[in-house]
Amino acid sequence: MRTPRAASRSALAALVAVAVVAAGGAAGAAETPVGAEGWQGLLGSRPLPQLGGRWVVVLRAPSLADRVRRAGGTATERQMRAWTATARAAQRRAITGLWSRGAPVDPEQSYVRVLNGFAASIDPMLLPTIERDRAVAGVYPVRAAYPAAVPPPALDAEAFGPTSGRRVGLELPGFDGTGVTVALLDTGVDLRHPFLQGRLLPGIDILDADGDPSAAQNPTEPGRPERHATGLAGLVAGVRGPAGLHGVAPGASVLPIRVAGWQPDADGSVSIYGRTDQVLAGLEAAVDPNDDGDAHDGARIALVGVVEPFASFPDGPLARAGRGALALGTLVVSPAGNDGPAGPGYGSIAAPAGTSGVLGVAASDSRGQSPTVHILLRAGLRVLASGQTALGGAAGPEDVVSARVVALPRRQVVAVTRGSALDRLFDADGYSRVAGGAVLLPTGPTTPEAVRELAAAGARAVLVDGPIPAGSLGIDEPVEVPIVGVSAGVARQVRLSLAAGVPVELGVGAAAFGDNPELGAVAPFSSTGLSLDGGAGADVAAPGVGLVTAVPGRNEGGAARYGTLSGSSAAAAVVAGSAALLAQARPDLDAAGLRSALVATARRRAGALGPGIVDPAGASSVELVADPPIVALRALVGKRSQTTGRVLLRNVSRRPLVVELRPGAAAAGVSVRAVPARVVVQPGRSKPVELSVAAKVRPAAPGALEGSVRAVAAPGTRLRVPWAAAIPVTRLPAISRVALSVPVFTASDRKPAVLSLVAGRVDGSAERPQLLPLARLEIELYRGKRRVGTLVRLRDVLPGRYAFGLTGRGPKGARLPKGAYLIRVLGVPVGGGPPTTRSVPFRLR
């Protein structure tokens, strides 16, 4: 199809999103480079993907899920096929319309079930035209999705003993998940591993339509297969393992859907990751595996093992897809992420966890004992850290280790996705940069392979920038050097001291095992804080440290390999298995009922807020569930001290329930009221309840209020309904540092003027950063007081510096007349805070 010339160009010549230091955070944080760097440093140690200019275009036309939802949640096979065909036809019309209006798009992925939309590589110049189209609900960026676990060190079955690793220990007596399908959206799986035999269904490869979902080898380094999904599959449904090892639901079937794997990265090599568009395609396959338009054969549970860091936007494509899957009867289970402490406001929760239709899972530490060491960290004569701390590996020093500290650059990737990683630890003459030293790693994921590379280069100890659970790196396979974590503040002091020429020394004492003080607590690496809709980021927690499972491949003797897995994706696999047990035990519960039952019955530590440990046995006896299971109240912006929310109470028993609503746990000075305070709910029916929360003294921003309401129905039925409300910073701008490279310029498509700005903020401290992304960023063009139109509209914008090229063309691509103009930039923060506007004048000559 030919492109009309007049609309083939736009005022937007280029769109470049570059993460840099964002605007100053909360008071007192300005001198510390928190900004975007405080959280982008975490992303910096992940592989940089090739996203290929891809965007997801969400259409206004209803999807299959929308039609089913409007029909009350039920539909026949014939209706579903007809509605799917209608959605597909509406999408074709929308694409044809975009072509006719000068926006040629060639979809790589099409979605009509969980949402109506498509993904394509789109010229940035066409984005304004697409956004303005009446058929389009929004255009969203494609992001990278990474496995949310530490790769397991491998053992073969012969070396595997009864005490190796950590067994999950969750069960529902009399049930093993038989008849329940769990779709696994992750990397490829070792289809021949004996631990998974009989449990795998014929799968789907989204990355290679002609392939199968097997664990692919690194194309540049054979012998390194994709490993993550094999471990997750074993945790869900492994059978007949050594020493009686099995998964949580050994009778369940696993449908492998490969949505991540070895793909080209920005450094010209390959790395393991997925993309938003690939995960969406995987969810489409999970709800309709045979692709016939009828979702009755969809998986009961979809475990998404990869995450988009920090991106739990409430209206993004993954959020919409999660709600769509729920409406079609598939419960999406997703890790909260492994980016550590954040919050208590908007935190480090990854997508799709933290969105309203998805069950988000944090990792807890279920080990009774853990290894510790005593450390002494000195900068000159000043003590930076001293005391007992967790040892990241199972093996520690037998004698005291003393070494100078060497800090690797924040952007250096030591870990595992490239064969040349080890070479980077040596200089041009072949001398090790880290020999004899204690190496301080950048923030971000740390793996056993990275530590082994450092040990091979002569490092005597490893310092991790951020907390790590004791023994989480190499529980079964001894790591050659001690690994300890230090706080972000201490790591920052180490770097500042080294930069100032002050030598830093680390002393590590002999290792010992003792009672685990974090038993049952959320693991320190697990992402925390609220999601970007103000709701609790993680709905439940599950064991996620040192869990024993399958590893791809065989040893030299042909025996299968096993190892341990740590991370919130390991915990999500445990919850997916628990959901399979519950689905078999309670076939009357739909996807929303499964989610609510698991959240409501999760076991919490005494007096603790936050997610409880999943309890499938407790969930099997529920009579009353809440939708949503955790209520996201409206954010307390400005001086507001009252907020409201709504919850549906649903009776999933066979008897009428008289339910009384009573205040539960809350901070001092916080009052909670439910209207009505008493409802009668008939079997299979729901009743709405309005919640109102008032705080006499509210926490300082950035912060959050959290609490619960108790729903009591005699005899013996009790339901805990948690609630949360964000308290964002509103006195600081949502956009800043808006500047135009030149105030006067000649219209040019080749040499545009550059408009740069910082979008969003990172408030709080380096130890507990709190993101404030933008729900929407708009750049509008004015001539005098007359609005010419919108040049740019971006949605779900993470904090960072962004640059836009202005060519001197108007919103519809026509050249602008010479004269004076005004650029107006609008930033709308997530959570409903006040928008920020900035204006920049310019003149075309």
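Residues numbered from 1 in each chain as written. Predicted model: local features only at pLDDT ≥ 70, side-chain atom pairs only at ≥ 80, totals over all residues. Heavy atoms only, no water.

Structural notes on the overall build of the protein chain
Within the protein chain, the secondary structure is distributed over 12 helices and 47 strands. Residues counted as buried form 59% of the 845 residues belonging to the protein chain. When contacts within the protein chain are restricted to residue pairs at least 6 apart in sequence, those whose partners lie at least 24 apart make up 76%. Summed over its atoms, the accessible surface of the protein chain is roughly 31,500 Å², and 52% of this surface lies on carbon and sulfur atoms. (Helix = DSSP H or I, 4+ residues; strand = E, 2+ residues; numbered from the N terminus. Buried < 20%, exposed > 50% of the residue type's maximum accessible area, 1.4 Å probe, protein only. Contact = heavy atoms within 4.5 Å. Areas by Shrake-Rupley, 256 points an atom, 1.4 Å probe, with all protein chains shown as cover.)

Let's talk about the sheet that holds strand S11 (residues 260-264)
With antiparallel pairing, 4 strands are arranged side by side in an open sheet as S11-S12-S6-S14. Lying at the two open borders of the sheet, with one neighbouring strand each, are S11 and strand S14 (306-307). Bridge analysis of S11 against strand S12 (residues 270-275) gives 5 bridges, and the strand direction is antiparallel. Bridge pairing links Gly261 to Tyr273 in S12. With respect to the sheet, helix H6 (residues 276-287) is in contact with strand S6 (144-147), S11, S12 and S14, its orientation differing from that of S12 by roughly 55 degrees. (Pairing = 2+ DSSP bridges. Axes fitted to C-alpha atoms, helices over the stretch in contact; angles between N-to-C directions.)

A short note on the packing of aromatic side chains
With the rule as written, the count across this model stands at 3 aromatic pairs. Measuring from ring centre to ring centre gives 5.3 Å for Phe745 and Phe842, while their planes differ by 20 degrees; the resulting arrangement is stacked. Of the two residues, Phe745 is situated in strand S39 (residues 744-745) and Phe842 in strand S47 (residues 836-844); the sequence distance between them amounts to 97 residues. Residue Phe745 is classed as buried on the basis of its relative accessible area of 6%. (Phe/Tyr/Trp six-rings, centres within 6.5 Å; stacked < 30°, edge-to-face > 60°.)

Quick notes on empty space enclosed by the protein
Tallied over the full model, the rule gives 4 cavities of 30 Å³ or more. Mapped onto the lining of the largest cavity, the elements with two or more residues apiece are strand S5 (136-141) and helix H7 (317-327). Ranked by the residues each element gives to the lining of the largest cavity, the list is headed by H7, at 3 residues. Classifying every residue of the lining of the largest cavity by side-chain character gives 8 nonpolar, 2 polar and 3 charged. (1 Å grid on protein atoms, 1.4 Å probe; cavity = no way out; pocket = protein on both sides within 12 Å on 5 of 7 lines; lining within 4 Å. Points joined across faces, edges and corners; volume = space filled by probe spheres on them. Nonpolar A, V, L, I, M, F, W, Y, C, P; charged D, E, K, R; others polar.)

Here's the deal with the pattern of salt bridges
Going through the model one piece at a time under the given rule, you end up with 28 salt bridges. One salt bridge in this structure joins Arg586 and Asp588, with 2.9 Å as the shortest N-O distance. Its salt-bridge partner being Asp749, residue Arg809 comes within 2.9 Å of it at the nearest N-O pair. With Arg809 in the loop between strand S45 (800-806) and strand S46 (819-829) and Asp749 in the loop between S39 and strand S40 (753-759), the pair connects residues that are 60 residues apart, well separated along the chain. Exposure remark for Arg809: the relative accessible area of 12% places this residue in the buried category. Its relative accessible area of 26% is what places Asp749 among the partly exposed residues. In this structure, a network of salt bridges that share partners links the residues Glu131, Arg776, Glu778, Arg793 and Arg795. (Salt bridge = Lys/Arg side-chain N within 4 Å of Asp/Glu carboxyl O.)

Some details on the nonpolar core
Formed by 93 residues in total, the largest nonpolar core has its most connected members in Ile122, Ile130, Leu185, Ile257, Leu777 and Ile823. Looking at this core element by element, the count peaks at 7 residues for H6. Beyond its immediate chain neighbours, meaning those up to four positions away, Ile130 contacts Val57, Leu98, Ala103, Val105, Ile122, Val136 and Val139. Core analysis: the second largest hydrophobic core is formed by 61 residues, Ala542, Ala573, Ala576 and Leu589 among them. (Core = buried A, V, L, I, M, F, W, Y, C linked by side-chain atoms within 4.5 Å.)

Quick notes on the confidence of the model for the protein chain
Model confidence for the protein chain is summarised by a mean pLDDT of 84, while 85% of its residues fall at 70 or above. Segment residues 158-164: pLDDT under 50, and 14 contacts once partners within four positions in sequence are set aside and those in other chains are kept. Taken as a whole, residues 411-423 scores under 50 in pLDDT and shows 43 contacts with residues more than four places along the chain or in a different chain. (pLDDT = per-residue confidence, 0-100.)

Description of the sheet that holds strand S32 (residues 657-666)
Strand-to-strand pairing in sheets goes through backbone hydrogen bonds, with the strands running parallel or antiparallel. Here 5 strands make up an open sheet; going across it, the order is S30-S37-S36-S32-S34 and the pairing mixed. Taken across any chain shown, the strands that pair with only one partner, and hence form the sheet edges, are strand S30 (631-632) and strand S34 (678-681). Both S32 and strand S36 (residues 703-713) contribute to a ladder of 5 bridges, which runs antiparallel. The partner of Glu660 across the bridge, within S36, is Val712.

Focus: the packing of helix H5 (residues 228-237) against helix H10 (residues 568-585)
At a minimum axis distance of 8 Å, the contact between H5 and H10 shows a crossing angle of 35 degrees. For H5 against H10, the interelement crossing comes out right-handed. Across the interface between the two elements, His228, Leu232, Leu235 and Val236 of H5 pack against Ser569, Ala570, Ala573, Ala576 and Gly577 of H10. (Left-handed = near helix turned anticlockwise from the far one by under 90°.)

Considerations on unusual backbone geometry
Note that the residue after Ala351, namely Pro352, is joined by a cis bond; omega there is 5 degrees. Along the chain, Pro352 turns up in the loop between strand S15 (331-335) and strand S16 (358-364). The omega torsion of the bond from Val675 to Pro676 falls at -5 degrees, within 30 degrees of zero and hence cis. Positionally, Pro676 belongs in the loop between strand S33 (670-675) and S34. Residues other than glycine seldom take positive phi values, yet Arg240 does so here, at roughly 55 degrees. Within the secondary structure, Arg240 is located in the loop between H5 and strand S10 (253-258). Exposure remark for Arg240: the relative accessible area of 66% places this residue in the exposed category. Positive phi is not limited to glycine here, since Phe310 has a value of about 65 degrees. Counting through the fold element by element, Phe310 comes out in the loop between S14 and H7.

Notes on the pairing of strand S35 (residues 686-695)
Pairing between strand S31 (residues 642-651) and S35: 9 bridges, direction antiparallel. When the sheet's bridge partners are listed, Leu648 is paired in S35 with Pro688. Of the strand pairs in this sheet, S33 and S35 are connected by 6 bridges, and their pairing is antiparallel. Looking at the pairing, Val672 lines up with Val693 of S35.

Considering the environment of Val400
With respect to the helices and strands, Val400 occurs in the loop between strand S18 (382-390) and strand S19 (401-407). Here Val400 falls in the exposed class, since its relative accessible area comes to 64%. Along the chain, Val400 and His374 lie 26 residues apart, while their C-alpha atoms are 9.4 Å from each other. With residues near it in sequence (within four places) discarded, Val400 still touches Val508 and Gly509.

Points about helix H9 (residues 488-499)
Given 3.6 residues per turn, any residue in an α-helix points the same way as the ones three and four places further on. Taking 1.5 Å of rise per residue, the 12 residues of H9 would be expected to cover 16 Å, and the 16 Å separating its terminal C-alpha atoms lies within 8% of that figure. For H9, the complete set of buried residues consists of Ala488, Gly489, Val490, Ala491, Val494, Arg495 and Ser497. Gly501 lies just past H9 and shows a positive phi near 85 degrees. (Expected span 1.5 Å × (residues − 1).)

Some thoughts on the environment of Leu185
By secondary structure assignment, the location of Leu185 is in strand S8 (residues 181-186). Relative accessible area serves as the criterion here: at 0%, Leu185 is assigned to the buried category. Sequence separation between Leu185 and Asp205 is 20 residues; the distance between their C-alpha atoms is 9.8 Å. Setting aside residues no more than four positions away along its own chain, Leu185 makes contact with Ile257, Val259, Val279, Gly282, Leu283, Ala286, Ala302, Leu303, Val304, Gly305 and Val306.

Considering the environment of Trp55
One can find Trp55 in strand S2 (residues 54-59). Given a relative accessible area of 12%, Trp55 falls into the buried group.

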